[in-house]
Amino acid sequence: MDELLSLKTAFLEEIDPVTTLAELQQIKNKYSGRKGLLTARLKALSSVPPDQRPLYGKTLNEIKDFIEETLGHKELLLKGREKEKRLLTEKIDITLPGRYTRFGRKHPINQVLSEIKDIFVSMGFGIEDGPEIELDYYNFEALNIPKDHPARDMQDTFYISDDVVLRTHTSPVQVRVMEKRKPPLKIIVPGKVYRCDADVSHTPMFHQVEGLMIDSDISFGDLKGVIELFFHSFFGKGTPVRFRPSYFPFTEPSAEVDIGCIFCAGKGCRICKTTGWLEVLGCGMVHPRVFEMAGYDPEEHSGFAFGMGVERLTMLKYSIDDIRLFYENDLRFLEQF
Amino acid sequence: MRVPIEWLKDFVDVSASPEEVADRLTMAGLEIEGMEPFDNDVVLEVNVTPNRPDCLSILGIAREVAAAFGLPLKMPETEISGNPPVSDIRVEILNPELCNRYTGRTITGVSVGDSPEWIKKRLEKCGIRALNNNVVDITNYVLLELGHPLHAFDADRLQGGMIQVRKAGPDRTITTLDGLERELPEDALLIWDERNPVAVAGVMGGEDSSVTHETADIFLESAYFEPASVRRTSKELGLRSESSYRFERGTDIEFLVNALNRATLLMRETGGGTIHEIVDVYPERYVPAKVSVRYSRVNTLLGTALKKEEMLRILGRIGLRTEDREELFDVYPPAYRRDIHQAIDVIEEVARLHNFGNIPVRIPRTALSDGILNRRDISVNTIRDAMRKAGLTEVINYSFMNPADLDLLGLPEDDVRRRRVSVRNPLKQEDSLMRTTLIPSLINNFVYNLSRGMRDIRLFELARVFIDTGAHLPTEEMRLSGIFFRQDIPSIWKDAVPAFFMAKGALKSLFEETRVTELSYIPAEEVFLHGGKSADIMTGDKRLGFVGELGPGIVETLNLKLQKPEIVVFELNADMLMSLIPARMTYTQIPRYPSIERDIAVIMDDGIPSARVMADIRGYRYDFIAKVELFDHYKGKNIPEGKKSLAFRITYRCNDRTLTDSEVETVHQHLVEHVLLKTGGELRT
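Residues numbered from 1 in each chain as written. Chains lettered and ligands numbered in written order. Predicted model: local features only at pLDDT ≥ 70, side-chain atom pairs only at ≥ 80, totals over all residues. Heavy atoms only, no water.

**Description of the overall build of chain B**
The condition is simple: Secondary structure elements follow DSSP: runs of H or I of four or more residues count as helices, runs of E of two or more count as strands, with numbering from the N terminus. With the radius of gyration taken over C-alpha atoms, the globule rule is written as 2.2 Å times the number of residues to the power 0.38. We call two residues in contact when some of their heavy atoms are within 4.5 Å. In short, Shrake-Rupley with a 1.4 Å probe defines the accessible areas, and a residue's cover is counted only from the protein chains shown. Working convention for charge: Lys and Arg count positive, Asp and Glu count negative, and His plus the chain ends are omitted. A charge is said to be at NZ when it belongs to Lys, at CZ for Arg, at CG for Asp and at CD for Glu.
Tallying secondary structure elements over chain B gives 19 helices and 31 strands in all. Computed over C-alpha atoms, the radius of gyration of chain B comes to 40 Å, more than 25% over the 26 Å expected from 2.2 N^0.38 for 685 residues, which places it beyond the range of a compact globule. Its C-alpha atoms put chain B at 130 × 60 × 50 Å along the principal axes. Within chain B, residue pairs in contact and separated by at least 24 positions form 70% of the contacts whose partners lie at least 6 positions apart. If you sum the accessible surface of chain B, you get close to 32,000 Å²; carbon and sulfur atoms cover 48% of it. Distance between charge centroids for chain B: 7 Å, based on 86 positive and 105 negative side chains.

Shown next, in the form of structure tokens:
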């Protein structure tokens, strides 16, 4: 019996300093292997005197269970430690930068154009297009701006020939569409336009979005509704919008639209020239002359048209103070958007 | 138009603050663009739209202020009493269609000198310099005050004591007040004495007959000239004046005697002299317009519910005489409101004076429409996004091109990109052509960014080019172009790819994203590209575009101070690209049976294009080749000079059963032999 107990003591002493799975395997072989000490004892059980056998056997089994359990625990422990050690050697510096594909940027003008298009498309407007080099007829005449009319001074025009111009606005597309299609019409026309002018607030080329809605019963109130809806989507609900009388040869009544200054909340600042308002859009009811020129009956149809400058809206949206930045194409500018 | 508040008060007793006046005018359609303190006064800067020439005067603005505040208008004294002597100047109008009325009067014995302070001050406030000449100052003064341009002649210089109004005819010149001798267009309307032109009607007087300190007798003109004619003449002469500005917009033919009298009285007040009887030749009588408007039309067009009386009351506020006729009403606009000649003009006045803010907001009740992005717009968005995701940043350039750019690119004379459209009046010579290619703009963008220290420059632009085809309007086509440059930037994760393949890879992403397939690359013949590093991108036998490295010649011209920079550009016909985008895609079943992969590496002549080898493999007649990929391209150690090694991975698969190893092995061996035969190469081991 004592011999059994010292076996256990010896086992404990041996297993205690073990730190590797290989060492553990050796101990396992020594004690519980096929030729191990415990196995030998079990085989020799028959040589124990019968009267001592039950107790001896019981003790031996207890020691065997104890040793196997201890071996098991130790093995789990060591396996865990070895795994930890391996992970430790595989450790990386997770603060190193990732390898990434840098996306390019969409030009801010086109980002804002997309936003404008999305808003109008959601209201059911279709998108139309027309030539940038345009006949004088479509750019002026058909829009009720005859030759020798002072309204021609409102737009400095680039000429290609006597009767061909770089379109000064996207409005000629109105007429082109009306010639092709019958009402109801709900369209917007985004595009490049040109004016013979260059300074801090003017570039010889810029972008406009033209809009046109024609049906049998469209009123100035509808115009107000659509424009207000647009600016509330674009600048946020609650943005004050006001309409004041103005003049465009192809609409009547005509209006300029101001929004409450988004920089000073209408209190008056440098950007709104202390008026509290920012001019953002021109619009009006389609002039009967324009309907007649396009072959529509002004008694049967009414509608409105509007036009806005995309640069202007983009400048307001991102607080950009020099329009020329859009066309310098400096990456340090473009990559901000 | 500059309007001093103090002067305004001569015509209307407005007690509101200048800010309040400014606000009311702005909301009535006369936008106040600025307010400038001036001594103890405030000057309003009014933006008068071209349809409202009646507002190009203090009186005109006063009329609007009176209407806005509901105040009466006070008119200045213009009655000339007594029995003045008859003027000895005769007036004859030979072109009554261009001059509907001509009035004038002689004032004898006037002393010409400094104007009184109050006149000088008011002129100064309005931005006009007093001239040490009360006669000229007063014509300016009355022009500002009443809006009617006047002209004063030295009566003793008018030969034959007569005024004739007629066209210039051929070869006529005049020296205008500004001292310049001008050749006159044949159609220009002139004022003549018995022999010579003495003024360009409505534009500027002649120097010879001008009023100077030596002048004793003057002849003062107040006339109505046809707007379009004045405008044409003024434009052709390149001569704008305060007078022509008003005449070309339209003046008040009924009021011009008042202006003449007002000036006459002021001249006598400041320079003495004897007033003579007026001469008034009025061949084309003004017939007041009558405009009929349906009440209901006003409300349907505006979306209002105004009552009849309200409409008429509103119009009465600006002095429009109206007459009620049941369903309709008639409007008789005064001569200074020639902009009102059809119903819509009246409706506009109602809306304007009712105030746009009072028109209720409504959401249109209109039919649903096909208001969707069309296919083209969707394609444009897809292209932009694909380029962006491929790492290119979008630029937008002016549509202009420098004539020198065509030579920079060295384009041959018969190249389509030489068929350019020129702008007749460019802002500068470098911007005088419309672009026929976007490449020069992108090179500029590259140089601009490089010179500012950027070292990773990848840009694209999607824009129109303009090709002159001889038709009335040029052809406009969309181009998608880009430029790639990336200097070896030290970077933590190495990724060295030649610029050409970066660009080609970006295009690959684009084609994949747009589902455009069946493209091939063949050597390009663009003169400005590196002959060995450029390709035309073909779809069938049509050229979609090109991609390639800028040739050494052009790079040298750019003077970049870089060692052999690899700058790659591309330009695609975006319209053609969009036409290749399939309208719909269909699903292909996911393979049900496993595939088997085999590799083949062949050493062959360096000159054989990989695409040819690829085509040879693809063309091998065996149904179960599912995919072929080139995965290695190698030259150098262990490969003989003039040779290269290409390695392909071939995926075999059958759609209705599992292929066996031995079956694939046999086929693969045959394929290897086929490739060796085609390329004349040998297996790399």
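**As for the sheet that holds strand β1 (residues 2–4) of chain B**
All names here are of chain B. Note the cut-off: Two strands form a pair only when DSSP identifies at least two bridges running between them. Simply put, an axis is a line fit to the C-alpha atoms, just over the touching stretch for a helix, and the angle between two N-to-C directions goes from 0 to 180 degrees.
The 3 strands are arranged β1-β3-β2 in an open sheet whose pairing can be described as antiparallel. Two strands bound the open sheet, and with one partner strand each, they are β1 and β2 (31–38). Looking at each pair of strands side by side, their axes are set apart by 25° on average, direction ignored. Where helix α2 (residues 18–27) meets the sheet, it contacts β2 and β3 (41–47), and its direction lies at approximately 160° from that of β2.

**Re the packing of aromatic side chains**
Heads up, the condition is: Here is the rule: rings of Phe, Tyr and Trp (six-membered ring for Trp) pair when centre to centre is within 6.5 Å. Planes less than 30 degrees apart are stacked, more than 60 are edge-to-face, and the remainder are tilted. Each residue is placed in one exposure class: buried if its accessible area under a 1.4 Å probe, protein chains only, is under 20% of its type's maximum, exposed if it is over 50%, and partly exposed if it falls in between. Whether a charge lies above a ring is judged from NZ of Lys or CZ of Arg, which has to be within 6 Å of the ring centre and within 35 degrees of the ring normal.
Counted by the stated rule, this structure contains 29 aromatic pairs over all chains. Ring plane angle 90° and centroid distance 5.6 Å describe the contact between B:Trp118 and B:Tyr141, whose orientation is recorded as edge-to-face. Taken together, the residues span a long stretch of sequence, with B:Trp118 in helix α4 (residues 117–125) and B:Tyr141 in helix α5 (residues 134–146) at a distance of 23 residues. On the basis of relative accessible area, B:Tyr141 is assigned to the buried category, the value being 0%. An aromatic cluster is present here, built from A:Phe120, A:Phe125, A:Phe230, A:Phe231, A:Phe234, A:Phe235, A:Phe304 and A:Phe306 joined pairwise through their rings. One residue, B:Arg249, lies across the ring of B:Tyr245, its end atom 3.8 Å from the ring centre. Over the ring of B:Tyr448 we find B:Arg452; its NZ or CZ atom is 3.5 Å from the centre of that ring.

**Examining the pattern of salt bridges**
All names here are of chain B. How we decide: Salt bridges are defined as contacts in which a side-chain nitrogen from Lys or Arg sits within 4 Å of a carboxyl oxygen from Asp or Glu.
Going through the model one piece at a time under the given rule, you end up with 83 salt bridges over all chains. A salt bridge links Asp178 to Arg182; the shortest N-O distance between them is 2.8 Å. A relative accessible area of 36% means that Asp178 is categorised as partly exposed. You can call Arg182 buried: its relative accessible area is 11%. A salt bridge links Asp599 to Arg649; the nearest nitrogen and oxygen atoms lie 2.8 Å apart. You can see Asp599 sitting in strand β28 (residues 596–605) and its partner Arg649 sitting in strand β30 (residues 643–652), a full 50 residues away along the chain. The partly exposed category is assigned to Asp599, whose relative accessible area is 39%. Residue classification places Arg649 among the partly exposed residues on the basis of a relative accessible area of 32%. Each of Arg52, Asp54, Glu64, Arg337, Asp339, Glu349 and Arg352 takes part in a single network of salt bridges with overlapping partners.

**Considering unusual backbone geometry**
Of note, the amide linkage connecting A:Pro183 to A:Pro184 takes the cis form, showing an omega dihedral of 0°. Among the secondary structure elements, A:Pro184 is positioned in the loop between α7 (172–180) and β5 (185–194). Omega for the peptide link from A:Glu252 to A:Pro253 comes to -5°, which places this bond in the cis form. If you check the backbone angles, B:Asn132 has positive phi at about 55° while not being a glycine. As for its placement among the helices and strands, B:Asn132 is situated in the loop between α4 and α5. Located in the positive-phi region is B:Asn638, a residue other than glycine, with phi close to 70°. Relative to the helices and strands, B:Asn638 is located in the loop between β29 (625–634) and β30. For B:Asn638, a relative accessible area of 70% translates into the label exposed.

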